[in-house]
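Structural overview
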Amino acid sequence: MFCGCEFNVGVIATRTGTGALSTDVQVQLEKNGATFTKTVNFGPTEMTKQVIFPVNLKLGKNQLTVTIDPSNKTAETDEANNSFSGTVMVSWKRANPGDKN
């Protein structure tokens, strides 16, 4: 059951390496089995970029996984730090039990 609520999931992609820099990096959000992908474009001196994913979440538990560079197109010394997973719990309770909204 969907709550009809849209949430924004913000991701901050950060360059930490010292090697050659990719300018276009994919950021992927998996939400309860559905996948959404955006590409961020880094300028020559930019070290961080923010990506916003507007998502509708269902009532109850929602599993979210964010992966930076899911296709491994960027050469890196540590591929193990590109992903984060977590569970977001959405609940709804009427402020006033007599309120029908």
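Residues numbered from 1 in each chain as written. Predicted model: local features only at pLDDT ≥ 70, side-chain atom pairs only at ≥ 80, totals over all residues. Heavy atoms only, no water.

Remarks on unusual backbone geometry
Defined as follows: Secondary structure elements follow DSSP: runs of H or I of four or more residues count as helices, runs of E of two or more count as strands, with numbering from the N terminus. Each residue is assigned to one of three classes by its accessible area relative to the maximum for its type, calculated with a 1.4 Å probe on protein chains only: buried under 20%, partly exposed between the two thresholds, exposed over 50%.
Phi at N32 takes a positive value of approximately 50°, unusual for a residue other than glycine. Take N32: it is sitting in the loop between β2 (24–31) and β3 (34–41). For N32, a relative accessible area of 37% puts it in the partly exposed group. Residue D69 is not a glycine yet carries a positive backbone phi of 55°.

A short note on the nonpolar core
Just so we agree on the cut-off: By nonpolar core is meant a set of buried Ala, Val, Leu, Ile, Met, Phe, Trp, Tyr and Cys residues that side-chain atoms within 4.5 Å join together. Working rule for contacts: check all heavy atoms of both residues, and any pair within 4.5 Å makes them a contact.
Ranked by internal contacts, the top residues of the largest apolar core, which has 16 residues, are V11, V27, L29 and F53. Put simply, the parts of the chain that give this core at least two residues each are β1 (2–14), β2, β4 (48–58) and β5 (60–68). Residue contributions to this core peak at four residues, all from β4. Here V11 is in contact with V27, K49, Q50, V51, F53, V66 and I68, once residues within four sequence places are set aside.

A word on the packing of aromatic side chains
The condition is simple: Geometry of aromatic contacts follows a simple scheme: Phe, Tyr and Trp rings, the Trp one being its six-membered ring, pair when their centres are within 6.5 Å, and the pair is stacked under 30 degrees between planes, edge-to-face over 60, tilted otherwise. Geometrically, a charge over a ring is one whose NZ (Lys) or CZ (Arg) sits within 6 Å of the ring centre while staying within 35 degrees of the ring normal.
What the rule picks out here adds up to zero aromatic pairs. A cation sits over an aromatic face here: K38 above F53, 5.3 Å from the ring centre.

These figures capture arrangement, not role.
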